[in-house]
Structures are given as structure tokens and as C-alpha cells.
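Working through the structure, step by step
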Amino acid sequence: MELAGARVTVPVEADSGPREKVVLDGVDVVLTESRVAVIGANGSGKSTLLRLLNGLVEPSSGTVRIDGLDTSRETRAVRQRVGFVFTDPLSQLVMPTGREDVELSLRRRHPNRGERAAAAQEVLGRFGLQRLADQSVYELSGGERQLMALAAVLAVDPSILVLDEPSTLLDLRNRELLRRTLATLPQQVIFSTHDLELALDAERVLVVEAGRIAFDGDPTEAVRFYRDLCGAGLGPL
Ligand SMILES: Nc1ncnc2c1ncn2[C@@H]1O[C@H](COP(=O)(O)OP(=O)(O)OP(=O)(O)O)[C@@H](O)[C@H]1O
């Protein structure tokens, strides 16, 4: 994937009247590594950067390409390749139960109802979610919902997976499940996180600061850079 001179502005109301706020500016990166983490302070632009990758946000100028496809012009083809998991799983889980949501994801791939049910069962099993699959998604804990949303996206085997703060709601056990799952996925995975240990699992880390890439490279150095940026020193993780 390639971002070339990507800039994102949003309209905001100021005392002096409406104006444009620059959320991301001059992002120039080619991401080929299989695991890329995006870290940075609250409001620095991480989610906006991720949303560019599947056309949820369009660049105001510059281009974003996935496998050569322009995310602004070929949004549909891009979305078929890029699975996106939101921080808040309820913005994603639209069906009453997790099983129905996973089946919804699979409806094109498996038009036959029986095959679809079997495929959904396999996906739910992969994540240890069978016992929660028939409960109302509103009765699941935040972490259980987050895993369910991940399962529903992975059900259709996107070639790229984008995760916005995937471990936020997870307890230690489920965070380790997530880490193990991410370690074995064949897809390219791009994720934002405030969990610096999770960021260290990546091959490449981007540090976003005030809408710009302030550091890009080795995970250990990136985390050190970010800690210095936050004035947090170099204490243990
Ligand atoms: N549609 C929008 N309208 C107005 N402001 C926006 C919009 N989208 C993003 N912003 C602003 O752009 C900035 C970056 O937002 P973004 O969600 O990308 O940050 P983030 O790094 O993911 O933050 P966090 O770590 O808190 O999730 C924030 O100041 C946010 O308020």
C-alpha cells in the first residue's frame, strides 16, 4: 500500500467562522511489511490514517493506493481487499448475535445456508467464540464483542487487515489470544495502538504526531522516540 502526499482536512467551526482543520499532512509511505503498528498521542491522527486505507476517509489531496487501486476511485474493490475492525465493536456488529454477524459476512462467499452455517461455526471455533455466538451482542463484554467483530471481518479472508486499537477492551488472556492470532495470520496487518508492547510485535512502527509521521522504522527505536516525545523517559514497559 502506498500513501503519497496524503493530506486530510476537515471542516470546523471557529469563532471567526468555518475553516479547515488539517488532521493529516504530507503522509508519504509505502507499507510492505506484514505487521505495521501506528502509535501516537490521542488526537494525533492515527485513526484517520487507518481510515484512509479502506476509503472510509478520502484524502483531501494526495493519493492512497492499495494493490495499485485508488481508494477514492476504486473504493469498492479496495473494501473487498481491506478488512477494517473498529475500536468500538458495536459500530460494526449489526446483527443481534455474533453468529448471525459472522454469517452475514459470509453471505456472498457461501450462498448456500448450510455451508454458510458450517463456515461460520469454523470461524467462531478458531476464536473460541462458539459459546458466545448465540448471545445478544449487547450481553457480551466489550472484549468479547471486540473478538467477535474481528472474527466477522476475518471470516471473509481479506488480504489486508486494518485494526484500530484492537486490544483496548481486552483482558490479559484475550490480549494474548489477539497477539497469538495476529502472529499467525497470513494477511498484512496494520494496527493502531496505545499498547506499546503490542506495537513491539510489529516489524515497522509509525509514530504519528500532530498529523505527521514523526518517526518511521524499527519498533524499539520508535517506542523510545515516542516515550521521549511524551516526556515519559525510558522506563521499563
Ligand atoms: N470528521 C472530523 N471532524 C472534525 N475533526 C475530526 C474529524 N476526524 C478527525 N478529527 C480530528 O482529527 C484529529 C485526529 O483524530 P484521530 O481520530 O485520527 O486521532 P487518533 O490519533 O486516532 O486519536 P485517539 O488515540 O484518541 O483515538 C482529532 O483532533 C480529531 O478530533
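Predicted model, so just to flag it, every value in this text is computed and none were measured. (Residues numbered from 1 in each chain as written. Predicted model: local features only at pLDDT ≥ 70, side-chain atom pairs only at ≥ 80, totals over all residues.)

So, the sheet that holds strand β6 (residues 82–85)
Using the following cut-off: Any two strands are treated as partners once DSSP identifies two or more bridges connecting them. The numbering of helices and of strands both runs from the N terminus, where a helix is a DSSP run of H or I of at least 4 residues and a strand a run of E of at least 2. Simply put, an axis is a line fit to the C-alpha atoms, just over the touching stretch for a helix, and the angle between two N-to-C directions goes from 0 to 180 degrees. What counts as a contact is two residues whose backbone-derived C-beta atoms lie within 7 Å of each other.
Across the sheet, which stays open at both edges, the 6 strands sit in the order β6-β7-β8-β3-β9-β10 with mixed pairing between neighbours. Single-partner strands in this sheet number two, and they are β6 and β10 (212–217). Direction aside, the axes of adjacent strands within the sheet are offset by 15° on average. Judged from the 4 bridges that link them, β6 and strand β7 (residues 160–164) form a sheet pairing that is parallel. Paired with Phe84 across the two strands is Val162, which belongs to β7. Where helix α8 (residues 219–229) meets the sheet, its contacts fall on β3 (35–40), β9 (204–209) and β10, and the angle it forms with β9 comes to roughly 20°.

As for the packing of helix α3 (residues 98–105) against helix α4 (residues 113–126)
The cut-off we apply is this: For any helix crossing, the convention is left-handed if the near helix is rotated counterclockwise from the far helix by under a right angle, and right-handed if that rotation is clockwise. All amino acids are sorted into three groups, where Ala, Val, Leu, Ile, Met, Phe, Trp, Tyr, Cys and Pro are nonpolar, Asp, Glu, Lys and Arg are charged, and the leftover types, Gly among them, are polar.
Two numbers describe how α3 lies on α4: the axes approach to 9 Å, and their chain directions differ by 115°. α3 and α4 meet at a crossing whose hand is right-handed. Touching Arg99, Val102 and Glu103 of α3 are Arg116, Ala117, Ala120, Val123 and Leu124, all from α4. Residues belonging to the contact of α3 with α4 are distributed by class as follows: 5 nonpolar, no polar and 3 charged.

Focus on the site of the ligand
Going by this rule: For each residue, a C-beta atom is positioned from the backbone; the residue is called near a molecule or strand if that atom sits within 6 Å of it.
Taken together, Val10, Val12, Val23, Gly40, Asn42, Gly43, Ser44, Gly45, Lys46, Ser47 and Thr48 make up the full set of residues adjacent to the ligand. For the shell around the ligand, the secondary-structure elements that each account for two or more residues are β1 (2–14) and α1 (46–52). The leading source of residues in the shell around the ligand is α1, at 3 residues. For the shell around the ligand, the per-class residue count stands at 3 nonpolar, 7 polar and 1 charged.

Details of the pairing of β10
Pairing geometry for β9 and β10, over 5 bridges, is antiparallel. Its bridge partner being in β10, Val207 is matched across the sheet by Phe215. Between β9 and β10, which follow one another and run antiparallel, lie 2 residues, and Ala210 among them has a positive phi close to 50°.

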